[in-house]
Amino acid sequence: MNLNMDYVLQTLEEIMSIDSPSGYTAAVMEKVEQKAGELGYAFDMTHKGNGIITVPGKDQEYVVGFCAHVDTLGMMVRSIKSNGALAFTRVGGPNLATVDSEWCRVHTRDGRVYDGTFFCTKPASHVYREAGAERTEENMEVRLDEMVKSKEDVLELGVQVGDYICMDPKFKVTESGYIKSRFLDDKLSVAILLGVLEYFASNNLIPSHTIKILISTYEEVGHGMAWIPQDIQELIAVDMGCIGDDLTCTEEMVSICAKDSSGPYDYSITSRLAELAKENGLEYAIDLYPYYGSDVSAALRGGQDIQGGLIGPGVFAS
């Protein structure tokens, strides 16, 4: 299978341009639904907001699920300070060491969007000895790119507690072919799965088994696929592959996870995935992820009777 990489990259750029931290995913799910519809596939949405794209197979009794998540890490306004800066709380687990000086957007509940920047509360190293201190929620804030000097000024803009703060992903495809961006976890996998659908549609292919592609909207907070369609027997999470000490995966490989923080994945599925990689001449690595959990983990904790596996593209510096 040779995917149309122009389609994958264009799709990735489109969904990267839509802010979608956990719980704020309606707009990006509209885009996913649009892409599925353009390819001729049925799209259903759960009450929770997860998406289900069905690809009928020759054998409709056996159903294989593939899941990827379109939600990202983010922040939310915790309070508005007297000087007009915003205190925040994390949605998911963004590493604050990488957030300082990053651009962001604040989305109000009435649809307005304001640009801002994350800063330490004592950012100027020419002024504060504490400028190099460890970054925490307590010593960081968001400064809006607006003429605000007080809490009242911010409230007049329509910004309030509970508004989402979304980091700019800084998406770029380099001339050498590398993808640089935040949130490759896991919008890259969503784009890849849509690329698989584009391949099926362009070649009029019908898979041997019915496939359901599940798009999760709460993976980063741990309960994305706690419920799945009950006709799914196998569920493969397509999520980012890890790179680091004691791991053999690189950015040029397919990563197959045998075990993460939630425990081992199904032995037979993991073995079969490795066999398929060999048969198709793919560079791959079987690795263990020490601080990782996937939507398959959530499904198993939710009591789903499935066999589960985890694969994904290698992503550096998650």
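Treat the numbers as computed from the prediction; the structure is a model and nothing was measured. (Residues numbered from 1 in each chain as written. Predicted model: local features only at pLDDT ≥ 70, side-chain atom pairs only at ≥ 80, totals over all residues. Heavy atoms only, no water.)

Explain the packing of aromatic side chains here, please?
A full pass over the atoms with the stated rule returns 3 aromatic pairs. Ring geometry for Tyr289 and Tyr292: centres 4.6 Å apart, planes at 45 degrees, overall tilted. (Phe/Tyr/Trp six-rings, centres within 6.5 Å; stacked < 30°, edge-to-face > 60°.)

Would you explain the packing of helix α1 (residues 5-16) against helix α2 (residues 26-38) in this entry?
For any two helices packed against each other, the geometry comes down to the angle between their axes and how far apart the axes lie. Between α1 and α2, the least distance of the axes is 10 Å, while the angle of their chain directions is 155 degrees. With respect to α2, the element α1 is oriented roughly antiparallel. Crossing of α1 over α2 shows right-handed handedness. Between α1, through Tyr7, Thr11, Glu14 and Ile15, and α2, the contact on the second element is made entirely by Val28, Lys31 and Lys35. Tallied by class, the residues present in the contact of α1 with α2 amount to 3 nonpolar, 1 polar and 3 charged. (Axes fitted to C-alpha atoms, helices over the stretch in contact; angles between N-to-C directions. Helix = DSSP H or I, 4+ residues; strand = E, 2+ residues; numbered from the N terminus. Parallel < 35°, antiparallel > 145°, perpendicular 65-115°, else oblique. Left-handed = near helix turned anticlockwise from the far one by under 90°. Contact = heavy atoms within 4.5 Å. Nonpolar A, V, L, I, M, F, W, Y, C, P; charged D, E, K, R; others polar.)

Could you clarify how one ought to interpret the environment of Asp246 in this entry?
Within the secondary structure, Asp246 is located in the loop between β13 (232-238) and β14 (254-260). Judged by relative accessible area, which is 82%, Asp246 ranks as exposed. For the pair Asp246 and Ser271, spaced 25 residues apart in sequence, the C-alpha separation works out to 20 Å. (Buried < 20%, exposed > 50% of the residue type's maximum accessible area, 1.4 Å probe, protein only.)

I keep staring at the pattern of salt bridges and nothing clicks. Help me out?
Think of it this way: side chains of opposite charge can pair up when their charged atoms draw near. Tallied over the entire structure, the rule returns 16 salt bridges. As a salt-bridge pair, Lys31 and Glu14 come within 3.5 Å of each other at their nearest N and O atoms. You can see Lys31 sitting in helix α2 and its partner Glu14 sitting in helix α1, a full 17 residues away along the chain. Each member of the pair Lys31 and Glu14 is classed as buried. Residue Asp168 pairs with Arg105 through a salt bridge whose shortest N-O separation is 3.8 Å. Residue Asp168 is located in the loop between β9 (164-167) and β10 (172-173), and its partner Arg105 is located in strand β6 (residues 103-107); the two are separated by 63 residues in the primary sequence. Connected via shared salt-bridge partners are Glu14, Lys31 and Lys35. (Salt bridge = Lys/Arg side-chain N within 4 Å of Asp/Glu carboxyl O.)

Before we go on, may I ask you to explain the environment of Arg135 in this structure?
Structurally, Arg135 can be placed in the loop between β7 (113-120) and β8 (140-144). Residue Arg135 is classed as buried on the basis of its relative accessible area of 17%. Between the alpha carbons of Arg135 and Pro123 there is a distance of 11 Å; along the sequence they are 12 residues apart. In contact with Arg135, other than residues within four places in its own chain, are Leu96, Asp100, Cys120, Glu130 and Met140.

Help me understand α2 in this model?
Side chains three or four residues apart in an α-helix point the same way, a direct result of the helix having 3.6 residues per turn. The end-to-end C-alpha distance of α2 is 18 Å, a good match for the 18 Å that 13 residues give at a rise of 1.5 Å each. Burial in α2 covers these residues: Val28, Met29, Lys31, Val32, Lys35 and Ala36. Looking down the long axis of α2, one finds its buried residues gathered within 155 degrees of arc, a one-sided arrangement. Opposite the packed face of α2, turned more than 90 degrees from it, sit the exposed residues Ala26, Glu30 and Glu38. At its buried positions, α2 is contacted by α1, β1 (42-45), β2 (51-55), α4 (184-202) and β12 (209-216). (Expected span 1.5 Å × (residues − 1). Arc of directions from axis to C-beta.)

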